[in-house]
Amino acid sequence: MFSPEGPTLRELTVQALSSVERGYDLLAPKFDHTPYRTPDRVLDAVASALEPMGPFGAGLDLCCGTGAGTDVLARVCRERVTGVDFSAGMLAVARERPVPEEPEAAEVSWVRADARALPFGPAFDLVVSFGAFGHFLPRELPGLFAQVRSVLRPGGCFAFPVGAPPRPGSRAYWSLLGFDAAMRVRNALWRPPFVMYYRTFRLGDVGRELARTGFRVDLHPLPGFGLRSDGSPRARLVVARRLP
Ligand SMILES: C[S@@+](CC[C@H](N)C(=O)[O-])C[C@H]1O[C@@H](n2cnc3c(N)ncnc32)[C@H](O)[C@@H]1O
């Protein structure tokens, strides 16, 4: 499936019938050969948008998986880069990544923890996250955002890219709707649940929830992704700054 190095359909089915954590443990060795890893194009666009706001000190990649977002942090953070994820399998692959050789490069470390209970004090200037919000139910977002706020130093930022939702009736619209519906059926019939919904993380709700948690939210268009027919950007970077 996806590419010769990617998982087979059988492997994907076994993964999808597991818990989120176990599913990623199983997928980890082949994860970088799937479209679920955030593409370099998105990582580059986010790094370019963050660069003028930096440099930052310490950075955290929330739900880091095999470490895609730590490359963004390495570009904009001078002090330390940390990846956190609850899948031991994904972290094992992340730990195999080459260590940056430049003498001024920030040191990278990996921590196994649940994003809903982060084991850090207010030690970070920048938290980024890529491709993971679909794993949280809408009712979990207030707690998740409060966790992020608690690990940021005053004035620190929480940044993540968000794509515009597909136009109703388009092919992408129906495929995301179909995926979420299949997941709901799967989770109604099978334990443990595998929480992954594409359509629950909506920019308007997310902005309101971040503001309620104590962030000031700014939206930055990511110009490389172009505009929709109504003139709005196809992709934006949400930058939520921790208020005192
Ligand atoms: C689609 S992958 C994205 C990985 C990486 N950020 C990327 O963009 O390539 C989602 C990751 O979120 C992690 N994850 C999901 N729920 C989590 C939670 N509650 N706490 C920590 N990690 C979680 C999974 O283990 C997985 O590595």
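Basis of the calculations
Residues numbered from 1 in each chain as written. Predicted model: local features only at pLDDT ≥ 70, side-chain atom pairs only at ≥ 80, totals over all residues. Heavy atoms only, no water. Helix = DSSP H or I, 4+ residues; strand = E, 2+ residues; numbered from the N terminus. Rg over C-alpha atoms; globule rule 2.2 N^0.38 Å. Buried < 20%, exposed > 50% of the residue type's maximum accessible area, 1.4 Å probe, protein only. Contact = heavy atoms within 4.5 Å. Near = heavy atom within 4 Å. Polar contact = N/O pair within 3.5 Å; in protein donor to acceptor, adjacent residues only side chain to side chain. Areas by Shrake-Rupley, 256 points an atom, 1.4 Å probe, with all protein chains shown as cover. Core = buried A, V, L, I, M, F, W, Y, C linked by side-chain atoms within 4.5 Å. Salt bridge = Lys/Arg side-chain N within 4 Å of Asp/Glu carboxyl O. Axes fitted to C-alpha atoms, helices over the stretch in contact; angles between N-to-C directions. Parallel < 35°, antiparallel > 145°, perpendicular 65-115°, else oblique. Left-handed = near helix turned anticlockwise from the far one by under 90°. Pairing = 2+ DSSP bridges. Nonpolar A, V, L, I, M, F, W, Y, C, P; charged D, E, K, R; others polar. Phe/Tyr/Trp six-rings, centres within 6.5 Å; stacked < 30°, edge-to-face > 60°.

Caption draft 1: Just the overall build of the protein chain, in detail. Scanning the protein chain for helices and strands turns up 8 helices and 7 strands. For the protein chain, whose C-alpha radius of gyration is 18 Å, the value lies close to the compact-globule estimate of 18 Å for 244 residues. Within the protein chain, the proportion of its 244 residues that are buried is 45%. Pairs at least 24 apart in sequence give 69% of the contacts found in the protein chain among residues at least 6 apart.

Caption draft 2: Structural view of the site of the ligand. Around the ligand, the surrounding shell holds 23 residues, and the nearest of these are T38, C63, D85, A115 and F130. With respect to the ligand, the backbone of A115 contributes an N or O atom lying 2.8 Å from a nitrogen atom. With the chains in place, 99% of the 590 Å² that the ligand exposes on its own is no longer accessible. Ranked by residues supplied to the shell around the ligand, first place goes to helix α2 (residues 20-31) with 3 residues.

Caption draft 3: Expanded view of the nonpolar core. Membership of the largest hydrophobic core comes to 28 residues, with the highest contact counts inside it found for L62, V127, F158, F160, F201 and L210. Broken down by secondary-structure element, the contributors of at least two residues to this core are β1 (56-62), β4 (124-129), α6 (141-151), β5 (152-163), α8 (203-213) and β7 (235-242). Top contributing element to this core by residue count: α6, with 5 residues. Excluding residues within four positions of it along the chain, F201 makes contact with F133, L141, F145, F160, V162 and V206. Counting 25 residues, the second largest nonpolar core, distinct from the first, contains L43, A68, C157 and A235.

Caption draft 4: How the structure looks around the pattern of salt bridges. Summed over the entire model, instances satisfying the criterion amount to 15 salt bridges. Two residues, D125 and R153, come together in a salt bridge whose shortest N-O distance is 2.7 Å. Taken together, the residues span a long stretch of sequence, with D125 in strand β4 and R153 in strand β5 at a distance of 28 residues. Between R212 and E209 there is a salt bridge, and its shortest N-O distance comes to 2.8 Å. Taken together, the residues span about one helical turn, with R212 and E209 both in helix α8 at a distance of 3 residues. Taking relative accessible area as the criterion, R212 reaches 62% and is therefore assigned exposed. Shared partners join several salt bridges into a network, and the residues in it are D32, R37 and D40.

Caption draft 5: How the structure looks around the packing of helix α1 (residues 9-16) against α2. At a closest axis distance of 8 Å, the pairing of α1 and α2 adopts a crossing angle of 150°. By the angle between their axes, α1 is roughly antiparallel relative to α2. Where α1 crosses over α2, the two elements pack in a sense that is left-handed. Here E11, L12, V14 and Q15 of α1 come into contact with α2, specifically with G23, L26, L27 and K30.

Caption draft 6: Spotlight on the sheet that holds strand β3 (residues 107-112). Pairing in this open sheet of 7 strands is mixed, and the strands run β3-β2-β1-β4-β5-β7-β6 from one edge to the other. Here the strands that pair on one side only, and so sit at the sheet edges, are β3 and β6 (215-221). On average, each strand axis in the sheet is tilted by 20° relative to the strand beside it, whichever way the strands run. By the bridge criterion, 6 bridges tie β1 to strand β2 (residues 77-85) in an arrangement that is parallel. Along β2, the bridge assignment pairs G59 with V81. Contacting β5, β6 and β7, α8 runs over the sheet at an angle of about 145° to β6.

Caption draft 7: Representation of the packing of helix α3 (residues 40-50) against helix α4 (residues 68-76). Remark: α3 packs on α4, axes separated minimally by 9 Å, with the N-to-C direction vectors making an angle of 25°. Judged by the angle between their axes, α3 and α4 are roughly parallel. Judged by the twist between their axes, the crossing of α3 over α4 is right-handed. Residues L43, D44, V46, A47, S48 and L50 of α3 lie in contact with α4, whose contacting residues are A68, G69, V72, R75 and V76. For the contact of α3 with α4, the residue count by class is 7 nonpolar, 2 polar and 2 charged.

Caption draft 8: Focus on the packing of aromatic side chains. For the structure shown, the criterion picks out 12 aromatic pairs. An angle of 55° between the planes, with centres 4.9 Å apart, marks the rings of F158 and F160 as tilted. Here F158 and F160 have matching classes, each one buried. Ring centres of F160 and F201 lie 5.8 Å apart, and the angle between their planes is 65°; this geometry places the pair in the edge-to-face category. Here F201 lies in the loop between α7 (171-189) and α8 and F160 lies in strand β5, a separation of 41 residues in the sequence. Under the relative-accessibility criterion, F160 is labelled buried at 0%. Members of the aromatic cluster, each reached through a chain of ring pairs, are F133, F145, F158, F160, F201 and F215.

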